[in-house]
Amino acid sequence: MAYAYLFKYIIIGDTGVGKSCLLLQFTDKRFQPVHDLTIGVEFGARMITIDGKQIKLQIWDTAGQESFRSITRSYYRGAAGALLVYDITRRDTFNHLTTWLEDARQHSNSNMVIMLIGNKSDLESRREVKKEEGEAFAREHGLIFMETSAKTASNVEEFFHTAHS
Ligand code: GTP
Ligand code: MG
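Keep in mind that this is a model prediction, so the values were computed, not measured.

A. Highlighting the coordination of the magnesium ion (ligand 2). The protein atoms that coordinate the magnesium ion (ligand 2) are Ser20 (OG) and Thr38 (OG1), at distances spanning 2.0 to 2.1 Å. Placement of serine 20 in helix H1 (residues 19-28) and of threonine 38 in the loop between H1 and strand E2 (41-50) is noted, with a sequence separation of 18 residues between them. You can call serine 20 partly exposed: its relative accessible area is 26%. On the basis of relative accessible area, threonine 38 is assigned to the buried category, the value being 8%.

B. Spotlight on the packing of aromatic side chains. Under the defined criterion, the tally for this structure stands at seven aromatic pairs. Ring plane angle 15 degrees and centroid distance 3.8 Å describe the contact between phenylalanine 26 and phenylalanine 160, whose orientation is recorded as stacked. On the criterion of sequence distance, the pair formed by phenylalanine 26 in helix H1 and phenylalanine 160 in helix H6 (residues 156-163) is long-range, its members being 134 residues apart. The residues phenylalanine 26 and phenylalanine 160 share a single accessibility class, namely buried. Between tyrosine 86 and phenylalanine 94, the aromatic rings sit 5.0 Å apart at their centres with planes inclined by 65 degrees, giving edge-to-face as the arrangement. Each member of the aromatic cluster is reached from another via a ring pair, and the members are Phe26, Phe159 and Phe160.

C. Focus on the site of ligand 1. In the vicinity of ligand 1 lie 25 residues, with Thr15, Lys19, Gln32, Gly64 and Asp122 positioned nearest. Between an oxygen atom of ligand 1 and a main-chain N or O atom of glycine 18, the distance comes to 3.0 Å. Side-chain polar atom of lysine 120 to an oxygen atom of ligand 1: 3.0 Å apart, as the coordinates give it. Relative to its unbound accessible surface of 660 Å², ligand 1 loses 93% to contact with the protein. No other element matches the three residues that H1 contributes to the shell around ligand 1.

Rules behind the numbers
- Residues numbered from 1 in each chain as written.
- Chains lettered and ligands numbered in written order.
- Predicted model: local features only at pLDDT ≥ 70, side-chain atom pairs only at ≥ 80, totals over all residues.
- Heavy atoms only, no water.
- Donors = N, O, S within 2.8 Å, 3.2 Å for Na, K, Ca; no water.
- Helix = DSSP H or I, 4+ residues; strand = E, 2+ residues; numbered from the N terminus.
- Buried < 20%, exposed > 50% of the residue type's maximum accessible area, 1.4 Å probe, protein only.
- Phe/Tyr/Trp six-rings, centres within 6.5 Å; stacked < 30°, edge-to-face > 60°.
- Near = heavy atom within 4 Å.
- Polar contact = N/O pair within 3.5 Å; in protein donor to acceptor, adjacent residues only side chain to side chain.
- Areas by Shrake-Rupley, 256 points an atom, 1.4 Å probe, with all protein chains shown as cover.

As structure tokens, this is what we get:
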């Protein structure tokens with residue numbers, strides 16, 4: 001299919017926060033309940049239409065485990081955007097955001113847009129990070145912010161549509 005623009009995105013963040021599930025929900029509209037640990041990097045793509053223009057999003061889903069960090073770093077190059085994901089039910093994944101941000105800024109083009117996602121918004125009863133904390137972190141670092149659920153698909157479509165603009 002012909003397209004007017006091609007955008008490359010990279011998804012980063014701690015292991016288990018739901019990076020692969022967000023991608024699967026966006027490309028296949030399905031949810032994977034089991035943690036299928038990503039090894040190295042996986043890849044997904046989908047077309048979206050914005051203002052009548054066909055846009056192809058090419059998305060690189062990286063492994064959150066520490067041992068893959070050097071592989072992840074080699075994928076920042078050429079990315080128009082990075083989706084930095086934490087899990088609202090695990091405070092440690094929120095605490096690690098600064099390290100992720102430093103890594104992303106250091107290894108990418110200076111014009112790469114970084115977007116913050118607080119995922120698993122369906123698990124309200126297990127929430128450890130307030131939405132306001134995510135908003136404050138995003139404001140402080142100049143990031144776009146949304147809470148999403150890869151399970152219910154809440155805000156997933158919205159997010160990928162806002163992300164490129
Ligand atoms: P790595 O590949 O190891 O870096 O992890 P990942 O960030 O890709 O995590 P993955 O997408 O595999 O999801 C980890 C676990 O969280 C799985 O058991 C998912 O089913 C679950 N999960 C992901 N997103 C959501 C969500 O929005 N809500 C709920 N309830 N569970 C989720
Ligand atoms: Mg994964």
